[in-house]
Amino acid sequence: MLRSMFTAISSLSLHQAFMDVVANNLANVNTYGFKSSRVTFQDQFAQTLWSGSAPSDNLGGINPAQIGLGVRLGVISPTFTQGMLQATNRNTDLAIQGDGFFIYRNAVTNLFSRDGSLEMDSEGYLVNGATGLRIQGWMATVVNGVPTIDVGAALQDIQLPLGATLAQQTTNSQLFGNLDSRSTDPYQVAIGVYDSLGNLHSVTLTFTPGAGNTWTWTASGTGVSGSGNLVFDANGQYVSSTGNVSIAASGITGANDFTFTVDMSKLTQLASESDLSMTFQDGLAAGTFSTFFVTPQTGEIVGVYSNGMQRLIGQLALANFVNPAGLLQQGQNLFMVGPNSGDPAIGQAGTGTRGTIAAGYLEGSNVDLGQEFTNMIVAQRGFQASSRIITTSDEMLMEIVNLKR
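The rules behind each value
- Residues numbered from 1 in each chain as written.
- Predicted model: local features only at pLDDT ≥ 70, side-chain atom pairs only at ≥ 80, totals over all residues.
- Heavy atoms only, no water.
- Helix = DSSP H or I, 4+ residues; strand = E, 2+ residues; numbered from the N terminus.
- Rg over C-alpha atoms; globule rule 2.2 N^0.38 Å.
- Contact = heavy atoms within 4.5 Å.
- Areas by Shrake-Rupley, 256 points an atom, 1.4 Å probe, with all protein chains shown as cover.
- Lys, Arg positive; Asp, Glu negative; His and termini not counted.
- Charge placed at Lys NZ, Arg CZ, Asp CG, Glu CD.
- Buried < 20%, exposed > 50% of the residue type's maximum accessible area, 1.4 Å probe, protein only.
- Core = buried A, V, L, I, M, F, W, Y, C linked by side-chain atoms within 4.5 Å.
- Pairing = 2+ DSSP bridges.
- Phe/Tyr/Trp six-rings, centres within 6.5 Å; stacked < 30°, edge-to-face > 60°.
- Expected span 1.5 Å × (residues − 1).
- Polar contact = N/O pair within 3.5 Å; in protein donor to acceptor, adjacent residues only side chain to side chain.
- Patch = residues over 30% accessible without salt bridge, like charges linked within 9 Å, V, L, I, M, F, W, Y side chains within 5 Å.
- Salt bridge = Lys/Arg side-chain N within 4 Å of Asp/Glu carboxyl O.

## Brief notes about the overall build of the protein chain
Item 1. Along the backbone of the protein chain there are two helices and 32 strands.
Item 2. Taking 405 residues into account, the globule formula puts the C-alpha radius of gyration at 22 Å, and the protein chain, at 38 Å, lies well above it.
Item 3. Each principal axis of the C-alpha distribution contributes one length, and for the protein chain these read about 140 × 50 × 35 Å.
Item 4. Within the protein chain, counting contacts between residues at least 6 apart in sequence, those at least 24 apart form 61% of the total.
Item 5. Accessible surface, the protein chain as shown: approximately 21,200 Å² in total, 53% of it carbon and sulfur.
Item 6. A gap of 18 Å separates the mean positions of the 16 positive and 28 negative side-chain charges of the protein chain.

## Quick notes on unusual backbone geometry
Item 1. Positioned with a positive phi, Asn213 is a non-glycine residue whose angle comes to about 60°.
Item 2. Relative to the helices and strands, Asn213 is located in the loop between β18 (200-209) and β19 (214-220).
Item 3. For Asn213, a relative accessible area of 30% gives the class partly exposed.
Item 4. If you check the backbone angles, Asn333 has positive phi at about 65° while not being a glycine.

## Quick notes on the nonpolar core
Item 1. By size, the foremost hydrophobic cluster in this structure holds 24 residues, and its most contacted members are Phe102, Ile135, Ile301 and Ile357.
Item 2. Only β6 (93-97), β7 (101-105), β25 (284-294), β26 (300-305) and β27 (310-320) provide two or more residues apiece to this core.
Item 3. With residues near it in sequence (within four places) discarded, Ile301 still touches Leu126, Ile158, Leu160, Phe292, Phe293, Val294, Arg311, Leu312, Ile313, Gly314, Gln315 and Leu316.

## Focus on the environment of Leu175
Item 1. Relative to the helices and strands, Leu175 resides in strand β16 (residues 172-180).
Item 2. The sequence separation of Leu175 and Leu111 amounts to 64 residues, and the corresponding C-alpha distance is 56 Å.

## Digging into the pairing of β18
Item 1. Pairing analysis gives eight bridges linking strand β17 (residues 187-194) to β18, with the strands arranged antiparallel. Following the sheet pairing, Tyr194 is matched in β18 by Leu200.
Item 2. Following β17, the chain reverses through five residues before pairing antiparallel with β18; Gly198 in that reversal takes a positive phi of roughly 85°.

## What about the packing of aromatic side chains?
Item 1. All told, the structure shown has eight aromatic pairs when counted by the stated rule.
Item 2. When the ring of Phe112 is compared with that of Phe321, the centres are 5.0 Å apart and the planes differ by 90°; the resulting orientation is edge-to-face. On the criterion of sequence distance, the pair formed by Phe112 in strand β8 (residues 110-113) and Phe321 in the loop between β27 and β28 (328-331) is long-range, its members being 209 residues apart. Pair check on accessibility: Phe112 and Phe321 agree, each one buried.
Item 3. Three or more aromatic residues joined by ring pairs form one cluster here, namely Phe80, Phe101, Phe112, Phe321 and Phe335.

## Describing helix α2 (residues 369-401)
Item 1. The end-to-end C-alpha distance of α2, which contains 33 residues, comes to 48 Å, matching closely the 48 Å that a straight helix rising 1.5 Å per residue would cover.
Item 2. Residues of α2 that are buried: Glu372, Asn375, Ala379, Gly382, Ser386, Ser387 and Ser393.
Item 3. Looking at where α2 begins, the residue whose side-chain oxygen comes 3.1 Å from the main-chain nitrogen of Gly370 is Asp368.

## Side note on the side chain of Asp115
Item 1. Looking at where Asp115 falls in the secondary structure, it is placed in the loop between β8 and β9 (116-120).
Item 2. Apart from the residues within four sequence positions on either side, Asp115 is in contact with Tyr32, Phe102, Tyr104, Asn128, Asn333 and Leu362.

## A word on a nonpolar patch on the surface
Item 1. Residues Phe41, Leu73 and Ile76 make up a contiguous nonpolar surface patch of about 230 Å² in total accessible area.
Item 2. With respect to the element layout, Phe41 can be found in strand β1 (residues 37-43).

## Some thoughts on the pattern of salt bridges
Item 1. For the structure on display, the rule yields seven salt bridges.
Item 2. Residue Lys35 pairs with Glu363 through a salt bridge whose shortest N-O separation is 2.6 Å. You can see Lys35 sitting in the loop between α1 (2-27) and β1 and its partner Glu363 sitting in strand β32 (residues 361-363), a full 328 residues away along the chain.
Item 3. With a relative accessible area of 3%, Lys35 lands in the buried category.
Item 4. For Asp93, the salt bridge identified is with Arg90, shortest N-O distance 2.9 Å.
Item 5. Asp93 gets classed as buried once you look at its relative accessible area, which sits at 3%.
Item 6. Through salt bridges with shared partners, one network takes in Lys35, Arg114 and Glu363.

Structure representation (structure tokens):
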């Protein structure tokens, strides 16, 4: 009788653990990036009454007789299925579609999480809003004026360039309008262009009519030079043009000499008053950093400046594991490398087996309410059945005790 009671007691303990796992899953049904766990049981050691025997010439074989001695915990394993992506419309909220983990750094080691609810701290670092841990990736380096990312470099904290300013030098411009085919006098138009420091330069273009539907033009202004020809056909439509405008940076501290093109293909030569204007130039005055966004798929971080410029700041890194179920849970939606997880395979999103990044979304919990309520019923009934074994064994022992009466 005692054997059945101890067997039932082991079952009570394990079904309580089963209920604890179910309770934890249900408690985290609204936890972003949470991965539910499941429980498996195993039978314990069985007592062998006899081991059985093999068949002989005159006698058949006998099976072993064994009595199991209860149940034991097999494994509590997290299930890394995809959670539903929930739109938040915040550019600092990120979710992973597919496999992979965001990487955070504390003072000792890297930690991993599916929770991408980020904030910007007072120093411009991107951190997890709940823990303050800085998210990891690679900062861009400027090579020949072009920001580039080296995904083979060591991981870095991602820091936004608060207070930074940026300007863009004019390289292309375009004129629009008409030159009077009846005119014999020069026509002038003033345009404004920017150097590499965002300084505005005034350039005067003078168009002088010539023979055979041709015009010559010259550029003038402080440090400005340039000239060329402009040709129209008999219908007053543009045929060709030559020449660029060069601006010397003499007297402008720190700025470089630069040259920009003037597209005149939209001009006409008709019997109408001359009227030219600049419709486009790609230079920008100095602007300050105002916000940023994360590109879909690859997780590149692009800064947006008040003058409309955009510049690559960095890129988020993702990690993946051969056996993510082997990670050790640390609380606060964080995992760390475990003995059976394997080392993290770190790289950019969208490569290898790493998933892609969705900006403006958070990944919801993958807890299946229907499955958890079913598990709750199963755990409850298993607990009840084991308790009935104990009460029944107790009654049987009582009957044995009462035999002496």
